[in-house]
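Residue strings, one per chain:
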Protein chains: 2
Amino acid sequence: MSDLERFPAPHVAVDVAVLTVPPDGPLSVLLVRRSGDQGGMWALPGRFVRERERLSHAVTVTLEEKVGLSPTALREMSPRQLHVFDEPDRDDRGWVMSAAHLLALPFEQLSAALESEPVMLARIDGARAVAPGQRRLPYGQDAIVEFAVEEMRRLYSSTPDPEGLIAESDFTLAQLHDLHTAVLDAAWQIDTFRRHMIPQLVDTGRRSEGGVGRPAALYQRSA
Amino acid sequence: MSDLERFPAPHVAVDVAVLTVPPDGPLSVLLVRRSGDQGGMWALPGRFVRERERLSHAVTVTLEEKVGLSPTALREMSPRQLHVFDEPDRDDRGWVMSAAHLLALPFEQLSAALESEPVMLARIDGARAVAPGQRRLPYGQDAIVEFAVEEMRRLYSSTPDPEGLIAESDFTLAQLHDLHTAVLDAAWQIDTFRRHMIPQLVDTGRRSEGGVGRPAALYQRSA
DNA sequence: GGAATAGTGTCTGTGAGACACTATTAG
DNA sequence: CTAATAGTGTCTCACAGACACTATTCC
């Protein structure tokens, strides 16, 4: 312990790109209004790590505190570490490294927070967040969003909903296709998509009801 | 600056998996003998970051100081950040996060250090480092090596020598094939390999000389 | 010439992409 | 029946893998 004292230590923060797809909407990222610093700008939720805290824990606690998500909903979420942004002057408060994380959450888990908290969803255009009345995110967070979007698209390029954005079970291939189209901002041919994904899904044997046209098979993600 | 003081800060270190392929050898990782701690065990080179220092800078300085590489050789190297290992008890000296990095270096740049310094090359078996007389690396560094080897294999799976392990220019396809075979620990068919790589290379117009058999075309990496 | 290494022609199997076709529902 | 959506048959193209063939050197 002793000789460690000689070394100065940077402050370490986590910043989280929470990505979601609202109903009939494009891929979007969650922003919060920063209170003290940066004069109320929209930014990614984030906070400093606490004593002996793990990064992933800091991420989930941030979402509880700044976004108002319930601890139970977050329990099974596993944020992905993306990259450490270490430009020494990126934060004018001091020497701060930011460990950027990606977390994908179903829209339903965010809808309550969006009404009650100083929180918004910003559409992703290309790989950048578009916040109304604000050209860019503070602290170089545009780079974090870009990193997160690229990782997200890599994940969704060949595996059916790997981050669990739709229901665990009883979704149709069309719904899955819409989701991937929103995430990738590009449409697979529906028949190619079907043939590619079906071997990775489990057919529940059930059918959709109540819609127009032929009922669709309902699938669940394979374990 | 002021309100930052309230937050405790972890010590931040960098650990580097320096990967290379010795002549006719397998993919290998550079280990140094740790002096003070851990009783002289072989471990990855690493060190704490200094005030306002960037992680990549800490990596190159480590290689100067602990491996004796020349600053000029390192100037153009760009270490890749892999992952932050943040288990709070991974280092018994205190709360230390390790930012793991990958750096690929041509064997020639290491051969001098291997003779003069307390430094060795450990063969990669599967995705683990095999150090004689030592079952595992300290501080959970086996996980770092595994991370690095997987990333390295991903990089080398379809692009000709992306990290520049062979000469910039005037290498044959057979030499390139040997390199990829060592990194991947699996052999592409030579004709498939040729057809895949040639469009990504520049033919110098020169031919190899002095060997047995038909002279081979000499290539260089494309800009 | 023979041995050795470099490089190509070509067949086969697999899988994405395209598109037309069939299937099953509501109204 | 028509409209609408779900799902399949099948052709084409690209490309990896395999393997035999040709090409060019040293001895």
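Residues numbered from 1 in each chain as written. Chains lettered and ligands numbered in written order. Predicted model: local features only at pLDDT ≥ 70, side-chain atom pairs only at ≥ 80, totals over all residues. Heavy atoms only, no water.

### Notes on the sheet that holds strand β11 (residues 217–221) of chain A
One key point about sheets: their strands pair by backbone hydrogen bonds, in either a parallel or an antiparallel sense.
All names here are of chain A.
Here is step 1 of the chain: Pairing is antiparallel in the open sheet, where three strands are placed in the order β9-β11-β10. Edge positions in the sheet fall to β9 (169–171) and β10 (201–207), since each of these pairs with one other strand and no more. Averaged over neighbouring strand pairs, the angle between their axes works out to 40 degrees when direction is ignored.
Here is step 2 of the chain: Those strands touched by helix α5 (residues 173–184) are β9, β10 and β11, and its axis lies near 80 degrees from that of β9. (Pairing = 2+ DSSP bridges. Helix = DSSP H or I, 4+ residues; strand = E, 2+ residues; numbered from the N terminus. Axes fitted to C-alpha atoms, helices over the stretch in contact; angles between N-to-C directions. Contact = heavy atoms within 4.5 Å.)

### Points about the protein's contact with DNA strand C
Here is step 1 of the chain: Among the 19 residues in the neighbourhood of DNA strand C, the closest are listed as D191 and R195 of chain A together with R194, R195 and A217 of chain B.
Here is step 2 of the chain: Between DNA strand C and the protein, one listed contact pairs a phosphate oxygen with a side-chain N or O atom of R194 of chain B at 2.3 Å.
Here is step 3 of the chain: Here A217 of chain B contributes a backbone N or O atom positioned 2.7 Å from a phosphate oxygen of DNA strand C.
Here is step 4 of the chain: Of all the secondary structure elements, the ones that give two or more residues to the surface near DNA strand C are α6 (190–197) of chain A together with α6 (190–197) of chain B.
Here is step 5 of the chain: For the surface near DNA strand C, the class distribution of residues is six nonpolar, six polar and seven charged. (Near = heavy atom within 4 Å. Polar contact = N/O pair within 3.5 Å; in protein donor to acceptor, adjacent residues only side chain to side chain. Nonpolar A, V, L, I, M, F, W, Y, C, P; charged D, E, K, R; others polar.)

### Quick look at the sheet that holds strand β10 (residues 201–207) of chain B
Residue and element names in this part refer to chain B.
Here is step 1 of the chain: In spatial order, the strands read β9-β11-β10; together these three strands make up an open sheet with antiparallel pairing. Two strands lie at the open edges of the sheet, namely β9 (169–171) and β10, each paired on one side alone. When the angles between neighbouring strand axes are averaged without regard to direction, this sheet yields 40 degrees.
Here is step 2 of the chain: Looking at chain direction, β9 and strand β11 (residues 217–221) are connected through two bridges and run antiparallel. By the bridge assignment, S169 is partnered in β11 with Q220.
Here is step 3 of the chain: Running over the sheet, helix α5 (residues 173–184) touches β9, β10 and β11 and is turned about 80 degrees from β9.

### Some thoughts on the interface of chain B and chain A
Here is step 1 of the chain: Taken together, the contacts link 29 residues of chain B with 29 residues of chain A.
Here is step 2 of the chain: Ionic pairing is found between R52 of chain B and D89 of chain A, a salt bridge with its closest N-O pair at 3.5 Å.
Here is step 3 of the chain: Run the count over chain B and chain A and you get eight residue pairs in polar contact (both at pLDDT 80 or more).
Here is step 4 of the chain: For the side of chain B that touches chain A, the elements supplying multiple residues, two or more each, are β1 (11–20), α1 (55–67), β5 (80–85) and β6 (96–104) of chain B.
Here is step 5 of the chain: At three residues, the largest contribution of residues to the side of chain B that touches chain A is made by β5 of chain B. (Salt bridge = Lys/Arg side-chain N within 4 Å of Asp/Glu carboxyl O.)

### Regarding the pattern of salt bridges
Residue and element names in this part refer to chain A.
Here is step 1 of the chain: Under the defined criterion, the tally for this structure stands at 28 salt bridges over all chains.
Here is step 2 of the chain: Across the pair E168 and R221 runs a salt bridge whose closest N-O atoms are separated by 3.5 Å. Of this pair, E168 sits in the loop between α4 (141–155) and β9 while R221 is found in strand β11, placing the two residues 53 residues apart along the sequence.
Here is step 3 of the chain: Look at E168 and you get exposed, because its relative accessible area is 56%.
Here is step 4 of the chain: Take R221: its relative accessible area is 18%, and that puts it in the buried class.
Here is step 5 of the chain: For D170, the salt bridge is made with R206, and the minimal N-O distance between the two is 2.9 Å. Taken together, the residues span a long stretch of sequence, with D170 in strand β9 and R206 in strand β10 at a distance of 36 residues.
Here is step 6 of the chain: Residue classification places R206 among the partly exposed residues on the basis of a relative accessible area of 42%.
Here is step 7 of the chain: If you follow the salt bridges from partner to partner, you end up with R47, R50, E53 and E65 in one network. (Buried < 20%, exposed > 50% of the residue type's maximum accessible area, 1.4 Å probe, protein only.)

### Some remarks on the relation of the copies chain B and chain A
Here two copies of a chain appear, and what relates them is a rotation about an axis with a shift along it.
Here is step 1 of the chain: Rotating chain B by 180 degrees and translating it 0.0 Å along the rotation axis places it on chain A, where the RMSD comes to 0.1 Å. Considering both components of the superposition, the chain copies are consistent with a two-fold axis. Measuring from the rotation axis to each C-alpha of chain B, the shortest distance belongs to A9 of chain B, at 3.0 Å.
Here is step 2 of the chain: When you check the interface residues of chain B against chain A, 100% turn up at the interface there too, and the contact is symmetric in its surfaces. (Least-squares fit on C-alpha atoms with pLDDT ≥ 70 in both.)

### Observations regarding the nonpolar core
Here is step 1 of the chain: In terms of nonpolar packing, the biggest core is built from 48 residues, with L55, V67 and L69 of chain A together with L55, V67 and L69 of chain B touching the most fellow members.
Here is step 2 of the chain: With near-sequence residues (within four places) excluded, L69 of chain A lies in contact with L63, E64, L74, L105, Q109, L110 and A113 of chain A. (Core = buried A, V, L, I, M, F, W, Y, C linked by side-chain atoms within 4.5 Å.)

### Regarding α1 of chain B
Here is step 1 of the chain: An ideal rise of 1.5 Å per residue puts 18 Å on 13 residues; α1 of chain B measures up with 17 Å between its terminal C-alpha atoms.
Here is step 2 of the chain: Where α1 of chain B terminates, the next one or two residues include G68 of chain B, which has phi positive at roughly 80 degrees. (Expected span 1.5 Å × (residues − 1).)

### Some details on the pairing of strand β2 (residues 28–33) of chain B
Residues and elements named next belong to chain B.
Here is step 1 of the chain: With five of six residues buried, β2 is to be regarded as a mostly interior element.
Here is step 2 of the chain: Of the strand pairs in this sheet, β1 and β2 are connected by two bridges, and their pairing is antiparallel. The partner of L19 across the bridge, within β2, is V29.
Here is step 3 of the chain: Inspection of the sheet shows β2 paired to strand β7 (residues 119–125) by five bridges, in the antiparallel sense. The partner of L31 across the bridge, within β7, is M120.
Here is step 4 of the chain: Across two bridges, β2 lies against strand β3 (residues 42–43) in antiparallel orientation.

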